[in-house]
Amino acid sequence: MEAQASLLLQAVSNGLQIGLLYALVAVGLTIIWGLMETINFAHGELMMLGMFGAWWFNSRLGLDPLLMMLPIALVIFGLGMLIYYLLMQRVQRGEVFTQIFATFGLLLFIQNGTVAAFTSDYRFVSNTALTRLSGVNLTIGSLKLGVPLLLGGLTALAIFAALYLLIDRTELGLAFQATSEDREAAILVGVKPRRMYMLAWGLGAALAAVAGVILANFFAVYPQVGLPFTILAYAIVALGGFGSILGTLAAALVVGTIESVTALYLPPAFKDAFVFLAYILVGLFRPQGLFGRF
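What you see is a predicted model; the values in this text were computed from it and never measured. (Residues numbered from 1 in each chain as written. Predicted model: local features only at pLDDT ≥ 70, side-chain atom pairs only at ≥ 80, totals over all residues. Heavy atoms only, no water.)

### Considerations on the packing of aromatic side chains
- According to the stated counting rule, one finds nine aromatic pairs in the structure shown.
- When the centroid spacing of 5.4 Å and the interplanar angle of 85° are considered together, the rings of Trp 56 and Phe 57 count as edge-to-face.
- Among the aromatic residues, those joined into a cluster by ring pairs are Tyr 22, Phe 219 and Phe 229.
- The ring of Trp 55 has Arg 123 lying over it, and the distance from NZ or CZ to the ring centre is 4.9 Å. (Phe/Tyr/Trp six-rings, centres within 6.5 Å; stacked < 30°, edge-to-face > 60°. Lys NZ or Arg CZ within 6 Å of the ring centre and 35° of its normal.)

Pasting the structure below:
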């Protein structure tokens, strides 16, 4: 009985740590939806580009991905703004199906462009600060915390906290909130909604890329890696409540815990099934999500 309790505690701990990484993947969707109510099925592909950036700097130049996180984020930030300028501002006010097909087409374009440039082979980063710590554990009583995953989770949490302060405590964040609450009123006080939308797309893309840089230390890097994370991110955002940053964090921790605990007792194939079962139950009894508003 004590051994089972220890295993369960270990699974919960691992789930919370991977949940922090999931939160960083999903929060970019939260920002875009909260500001624009726009669907983006290419979100995972932006994360995938971050993973490829981490792999390229590591394999070609021997640089640690974590050291190149800021340059990669800046490049993908610019790409996100370009996507809004060239594509999304034209479909933003259209039907929801227009947004779905536009972003799904963008998904295929980025994915197949990456296949053409790098093939579909699996790649791995090596000799990085996190991979060198593989197998190193921090022991607290009967609990063993894998140091690489712990550091990755804490890095994601620090970035998440910085994002929350940006949105909640700065003029830019207040402009985002004003645009989300009342576009016309925001215009009256000098806020330019189109500029806010472009910055939101850039910020969401950069956050996805940063998550990809961290995840490249734990997952294989290949062109099709983004779509499963996109689906998972939408489940997290819906669970937490569309537009709620703290809700996204809480929901990601719940999802990570469900996956880890399910894998302890059932075959790994069932872990996603229970995540979406939780989403269905929340949708039935609280359709606005755990922290969302009607």
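### Considering helix 9 (residues 226-240)
- Relative to the 21 Å expected for 15 residues at 1.5 Å per residue, helix 9 spans 21 Å between its end C-alpha atoms, a close match to the ideal helical length.
- Judged by how many residues are buried, helix 9 sits mostly within the fold: 12 of 15 residues are covered.
- Of all the residues in helix 9, the buried ones are Gly 226, Phe 229, Thr 230, Leu 232, Ala 233, Tyr 234, Ala 235, Ile 236, Val 237, Ala 238, Leu 239 and Gly 240. (Helix = DSSP H or I, 4+ residues; strand = E, 2+ residues; numbered from the N terminus. Expected span 1.5 Å × (residues − 1). Buried < 20%, exposed > 50% of the residue type's maximum accessible area, 1.4 Å probe, protein only.)

### A closer look at unusual backbone geometry
- Phi angles above zero are rare outside glycine, and Thr 119 is one such case at about 65°.
- Its place among the elements puts Thr 119 in the loop between helix 4 (96-118) and strand 1 (137-140).
- A positive phi angle, close to 55°, is found at Asn 127, a residue other than glycine.
- Note that Asn 127 resides in the loop between helix 4 and strand 1.
- With a relative accessible area of 56%, Asn 127 lands in the exposed category.

### Quick notes on the pairing of strand 2 (residues 143-146)
- By the alternation rule, side chains of strand 2 split into Leu 143 and Leu 145, which are all buried, and Lys 144 and Gly 146, of which none is buried.
- One ladder, built from four bridges, connects strand 1 with strand 2; its direction is antiparallel. Opposite Thr 139, over in strand 2, you have Lys 144 as the bridge partner.
- With antiparallel pairing between neighbouring strands as the criterion, strand 1 and strand 2 make up a hairpin whose turn holds two residues, including Gly 141 at a positive phi of roughly 65°. (Pairing = 2+ DSSP bridges.)

### Overview of the side chain of Asp 64
- As for its placement among the helices and strands, Asp 64 is situated in the loop between helix 2 (43-61) and helix 3 (69-91).
- Buried charge without a salt bridge: Asp 64, with Arg 132 as the nearest opposite-charge side chain at an N-O distance of 4.6 Å.
- A polar contact is formed between the side chain of Asp 64 and the backbone nitrogen of Ala 129, at a distance of 2.5 Å. (Lys, Arg positive; Asp, Glu negative; His and termini not counted. Salt bridge = Lys/Arg side-chain N within 4 Å of Asp/Glu carboxyl O. Polar contact = N/O pair within 3.5 Å; in protein donor to acceptor, adjacent residues only side chain to side chain.)

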